[in-house]
Amino acid sequence: MLKSSGYRLTSPPEYYYNCIAWAVGDQDRYWSPLPRPTAVGHQDSPYQEYWPPGAPQEDTLIAWKGALSQEGFVDCTSETLEDGFEKIAIYVDDGGLPQHVARQLPKGLWTSKLGDDCDLEHNTLRALEGERYGTAKYFMKRPVGN
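Reading the values: the criteria
Residues numbered from 1 in each chain as written. Predicted model: local features only at pLDDT ≥ 70, side-chain atom pairs only at ≥ 80, totals over all residues. Heavy atoms only, no water. Salt bridge = Lys/Arg side-chain N within 4 Å of Asp/Glu carboxyl O. Helix = DSSP H or I, 4+ residues; strand = E, 2+ residues; numbered from the N terminus. Buried < 20%, exposed > 50% of the residue type's maximum accessible area, 1.4 Å probe, protein only. Pairing = 2+ DSSP bridges.

Engineer: Now, about the pattern of salt bridges: what can you tell me, with residues and values included?
Structural biologist: Under the criterion given, the structure shown has seven salt bridges. A salt bridge links Asp75 to Lys65, with the nearest nitrogen and oxygen atoms 2.9 Å apart. You can see Asp75 sitting in strand β4 (residues 74-76) and its partner Lys65 sitting in helix α2 (residues 61-69), a full ten residues away along the chain. Put simply, Lys141 and Glu82 hold a salt bridge, and the shortest N to O gap is 2.8 Å. Linking Lys141 in strand β9 (residues 135-143) with Glu82 in the loop between β4 and β5 (85-92), this pair joins segments that are 59 residues apart in sequence. What makes Lys141 buried here is its relative accessible area of 17%. One continuous salt-bridge network, built from bridges that share partners, spans Glu79, Arg126 and Glu129.

Here is the structure:
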């Protein structure tokens, strides 16, 4: 799955939140525009589904960007570290559908939540690119501390 050894695990598997939630700093809810299938082995789990009010209830790039914009993120042109801002990268598949979101850390590394699996730090966005997560093509930023 990962392309290089340039990553390290930062938490054990957890099914209460996903990559979008992790990117915006919410470890209490599973963000999804569509109902989440029951996590295998966790039918009675107390996870909370969430999608920001007003964001389109569809699994599209427009919907994901709409949800992220409600958290203060705006479009930007690159993944380059920028003082005073935190950035996210949206990975899309070949058809342009969103697959994953990663968040840039203050020193330029990236952090991701891999579905119901672990969180990890990765040196580059390319470490996750491939069939499962697609390609990091869209970038957004917000002021630090937002």
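Engineer: Explain the pairing of β9 to me, and be specific about the residues and the numbers.
Structural biologist: Bridge count for β4 against β9 is three bridges, and the pairing is antiparallel. Looking at β9, one finds that Val74 is bridged to Lys141.

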